[in-house]
Amino acid sequence: MEWGRAMGELSTAIDHLDTEDVSEIPRTQLAEQLLELHWQMARLQAQIARRTGIRLP
């Protein structure tokens, strides 16, 4: 069930950023949100690689 949770978190993070007017977000908060989104995407990529047997060189 971890797969579904990860996809849900990623989708929520993207939706959250999509609905915000970035000009209203303090730069520090925006940077934190973007870093969190990056890490969520990296975790998801790692899960996909483990499940499919794909390994990066």
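Thresholds applied
Residues numbered from 1 in each chain as written. Predicted model: local features only at pLDDT ≥ 70, side-chain atom pairs only at ≥ 80, totals over all residues. Heavy atoms only, no water. Helix = DSSP H or I, 4+ residues; strand = E, 2+ residues; numbered from the N terminus. Buried < 20%, exposed > 50% of the residue type's maximum accessible area, 1.4 Å probe, protein only. Areas by Shrake-Rupley, 256 points an atom, 1.4 Å probe, with all protein chains shown as cover. Core = buried A, V, L, I, M, F, W, Y, C linked by side-chain atoms within 4.5 Å. Contact = heavy atoms within 4.5 Å. Expected span 1.5 Å × (residues − 1). Salt bridge = Lys/Arg side-chain N within 4 Å of Asp/Glu carboxyl O.

A.B. asks: Got a minute to help me understand the overall build of the protein in this structure?
C.D. replies: Along its length, the protein carries two helices and zero strands. Burial analysis of the protein (57 residues in total) assigns 19% to the buried set. In the structure as shown, the protein presents an accessible area of about 4,800 Å², 60% of it carried by carbon and sulfur atoms.

A.B. asks: Looking at this structure, I do not really get the environment of histidine 38. What am I missing?
C.D. replies: You can see histidine 38 is positioned in helix α2 (residues 27-52). The class of histidine 38 is partly exposed, set by a relative accessible area of 44%. Spatially, the C-alpha atom of histidine 38 lies 9.4 Å from that of leucine 10, the residues being 28 residues apart in sequence.

A.B. asks: What is the right way to read the nonpolar core from this model?
C.D. replies: Side chains of nonpolar character tend, in soluble globular proteins, to be buried together. Ala6, Leu10, Ala13, Leu37 and Leu44 together form the largest nonpolar core, which totals five residues. Of all elements in the fold, only α1 (2-19) and α2 reach the threshold of two or more residues within this core. For this core, the element with the highest residue contribution is α1, accounting for three residues. Residues in contact with leucine 10, not counting those within four places in the same chain, are Leu37, Gln40, Met41 and Leu44.

A.B. asks: Please explain α2 as it appears in this structure.
C.D. replies: Side chains that are three or four residues apart share a direction in an α-helix, a result of its 3.6 residues per turn. Counted at 1.5 Å a residue, the expected span for α2 with its 26 residues is 38 Å, and the 37 Å between its end C-alpha atoms agrees. Glycine 53 occupies a position one or two residues after α2 and carries a positive phi of about 80°.

A.B. asks: I keep staring at the side chain of glutamine 40 and nothing clicks. Help me out?
C.D. replies: With respect to the secondary-structure elements, glutamine 40 resides in helix α2. The contact partners of glutamine 40, leaving out residues within four places of it in the chain, are Glu9, Leu10 and Ala13.

A.B. asks: In this structure, what is going on with the pattern of salt bridges? I would like to understand it.
C.D. replies: Within this structure, the stated rule accounts for one salt bridge. The closest approach of N and O atoms between glutamate 36 and arginine 43, which form a salt bridge, is 3.4 Å. Take arginine 43: its relative accessible area is 42%, and that puts it in the partly exposed class.

A.B. asks: Explain the environment of histidine 16 here, please?
C.D. replies: For histidine 16, the location among the structural elements is in helix α1. Histidine 16 sits in the partly exposed class, given a relative accessible area of 40%. Histidine 16 sits 17 residues away from glutamine 33 along the chain, and the two C-alpha atoms are 9.4 Å apart.

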